Amino acid sequence: MPEQKTPVTVRRARTSDVPWIQGLVEPLVQRRILLGKDAVVFYEAVQEFRIAVAPDGTPVGCGALHVFWEDLGEVRTLAVDDGWLGKGVGSALLQQLEADALDLGLSKLFCLTFEVPFFERNGYTASPLSLVDPEVYAELVRSPDEGVAEFLDLARVKPNTLGNTRMLKHLR
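This section reports on the structure supplied with the text. (Residues numbered from 1 in each chain as written. Predicted model: local features only at pLDDT ≥ 70, side-chain atom pairs only at ≥ 80, totals over all residues. Heavy atoms only, no water.)

Overview of the environment of Phe110
How we decide: Secondary structure elements follow DSSP: runs of H or I of four or more residues count as helices, runs of E of two or more count as strands, with numbering from the N terminus. Classification of residues uses two cut-offs on accessible area relative to the type maximum, computed with a 1.4 Å probe and protein chains only: under 20% is buried, over 50% is exposed, and between them is partly exposed.
Looking at the element boundaries, Phe110 is found in strand β5 (residues 108-113). Taking relative accessible area as the criterion, Phe110 reaches 0% and is therefore assigned buried. Taking C-alpha positions, Phe110 is 9.3 Å from Ala126, a pair spaced 16 residues apart along the chain.

Written as structure tokens, this is what we have:
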């Protein structure tokens, strides 16, 4: 069934959005769909987030773009309010995150997701771990970021990521 398009605006997140973001993603964390994050992590990353808002200004979705390396970024914490699923909110957020990635000079975006059909409809394909050269892997493995550990398929994050799919899109 195709998405019904509802007009939403996508804007930069503000610090005042962080409690709302946490409230939106917490049920997904409980269902082990998204990695849980402490409030401080959301505040530290607020500049990575975009918020989709309904015509009345109510937030209805969020998503983040995290830079991994000179040409590689990750779509993180893409979530839509249940009442707005299937109305184009996720696609609008993803399009904005992809535009942001291009502005930053990235040429590839990946995500780790259970929502494979959604990402396939938006041009992503399942991809093996070998997205980065061994030299880059050696640099990334030093990162304390849990998302990087998840991307690298490190054992310490396995309980959180069982069954998700690594997907990739070449932006140019």
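Details of the environment of Val10
Position of Val10 among the secondary structure elements: in strand β1 (residues 9-12). Separated by 85 residues in sequence, Val10 and Gln95 place their C-alpha atoms 9.6 Å apart.

Points about the packing of aromatic side chains
Formally: Pairing of aromatic rings covers Phe, Tyr and Trp, the last through its six-membered ring, and needs centres within 6.5 Å; plane angles under 30 degrees mean stacked, over 60 mean edge-to-face, and all others mean tilted. Sitting over a ring, as applied to charges here, requires NZ of Lys or CZ of Arg to be within 6 Å of the ring centre and within 35 degrees of the ring normal.
Tallied over the full model, the rule gives 4 aromatic pairs. An angle of 55 degrees between the planes, with centres 5.9 Å apart, marks the rings of Phe42 and Phe49 as tilted. Considering the side-chain rings of Phe68 and Phe110, the 5.0 Å spacing of their centres and the 85 degrees angle between planes classify their relative orientation as edge-to-face. Here Phe68, found in strand β3 (residues 59-69), pairs with Phe110, found in strand β5; they are 42 residues apart in sequence, far enough to count as distant. Considered together, Phe68 and Phe110 belong to a single accessibility category, that of buried residues. An aromatic cluster is defined as three or more aromatic residues linked by ring pairs; in this entry it consists of Phe118, Phe119 and Tyr124. Above the face of the Trp84 ring, Lys87 is positioned so that its terminal group lies 5.4 Å from the ring centre.

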